[in-house]
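Structural features, examined
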Amino acid sequence: ESELDVLVVGGGATGCGIAVDAALRGLKVGLIERGDFGSETSSRSTKLIWAGIKYLGTALAELLRWRNVFRPLGALADCRAELRLVVAAHRERSFLLETQAHLTRWLPIAVPVTRWYMWPAPLGHPLFAL
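What counts, and where the lines are drawn
Residues numbered from 1 in each chain as written. Predicted model: local features only at pLDDT ≥ 70, side-chain atom pairs only at ≥ 80, totals over all residues. Heavy atoms only, no water. Helix = DSSP H or I, 4+ residues; strand = E, 2+ residues; numbered from the N terminus. Buried < 20%, exposed > 50% of the residue type's maximum accessible area, 1.4 Å probe, protein only. Contact = heavy atoms within 4.5 Å. Areas by Shrake-Rupley, 256 points an atom, 1.4 Å probe, with all protein chains shown as cover. Pairing = 2+ DSSP bridges. Right-handed = clockwise from strand over helix to strand, strands pointing away. Expected span 1.5 Å × (residues − 1). Arc of directions from axis to C-beta.

With that out of the way, let us pick up the overall build of the chain. A tally of regular secondary structure across the chain gives 3 helices and 2 strands. Of the regular secondary structure in the chain, the N- to C-terminal order runs β-α-β-α-α. Burial statistics for the chain: of 130 residues in total, 19% are counted as buried. In the chain, once contacts between residues fewer than 6 apart in sequence are set aside, the share between residues at least 24 apart is 46%. Of the roughly 10200 Å² that the chain leaves accessible, carbon and sulfur atoms contribute 62%.

Shown next as C-alpha cells:
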C-alpha cells in the first residue's frame, strides 16, 4: 500500500497539467478520470495560449462606434479595460513560456487573406477588414 501526496480528479488538460507539475516536483500523484483521458471538454478545446489580439481589435473598433460619440469617457474606460486584458494575457503567456517551457511551445498560425479589403471582416471585427 502506497500513500499518495496528491490525487487529481479529472484527466483533462488542467488535471493532466496539474499531475505532471506535481510529479515533476517529486510528489506521488494519482490521476483518475471518469472516461478516457482528455476526451471530454479538453478534446474540444484548442489549448492555445492566446495573445489577446482579438480583444485589441475589439477595443479599437469599439472606440470608433457611433454611439461612443455621446459617451467618450465610458468608451475610453471600456477600451482601457480591454487593453488591460491584453496586457494580462501577454504577461501570463510570457510567464508560462519562461517557467513551464516543457508544457508550452510556439505554434505559428496563418489567417489566409485573398484581398486587401474583406467583408464580412475576418474575426468579426470591422477593423480587421482593412
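The subject of this paragraph is the pairing of strand β1 (residues 6-9). Of the strand pairs in this sheet, β1 and strand β2 (residues 29-32) are connected by 4 bridges, and their pairing is parallel. By the bridge assignment for β2, V8 is matched with L31. Read from β1 through helix α1 (residues 13-24) to β2, the crossover connection turns out right-handed.

Restricting attention to buried positions, one finds in helix α2 (residues 53-63) the residues G57, A59, A61 and E62. Looking at the buried side of α2, the elements it contacts are α3 (72-99).

With that settled, the discussion passes to α1. Helix length check: α1 (12 residues) gives 16 Å between terminal C-alpha atoms against 16 Å at 1.5 Å per residue, within 8%. Taken together, the buried positions of α1 are occupied by G15, A19 and A22. The buried residues of α1 occupy an angular sector of 70° when projected down its axis, which confines them to one face. Opposite the buried face of α1, at more than 90 degrees from it, the exposed residues are T14 and L24. Where α1 is buried, its residues contact β1 and β2. G26 lies just past α1 and shows a positive phi near 90°.

Don't take any of this as a statement about function, it's just geometry.
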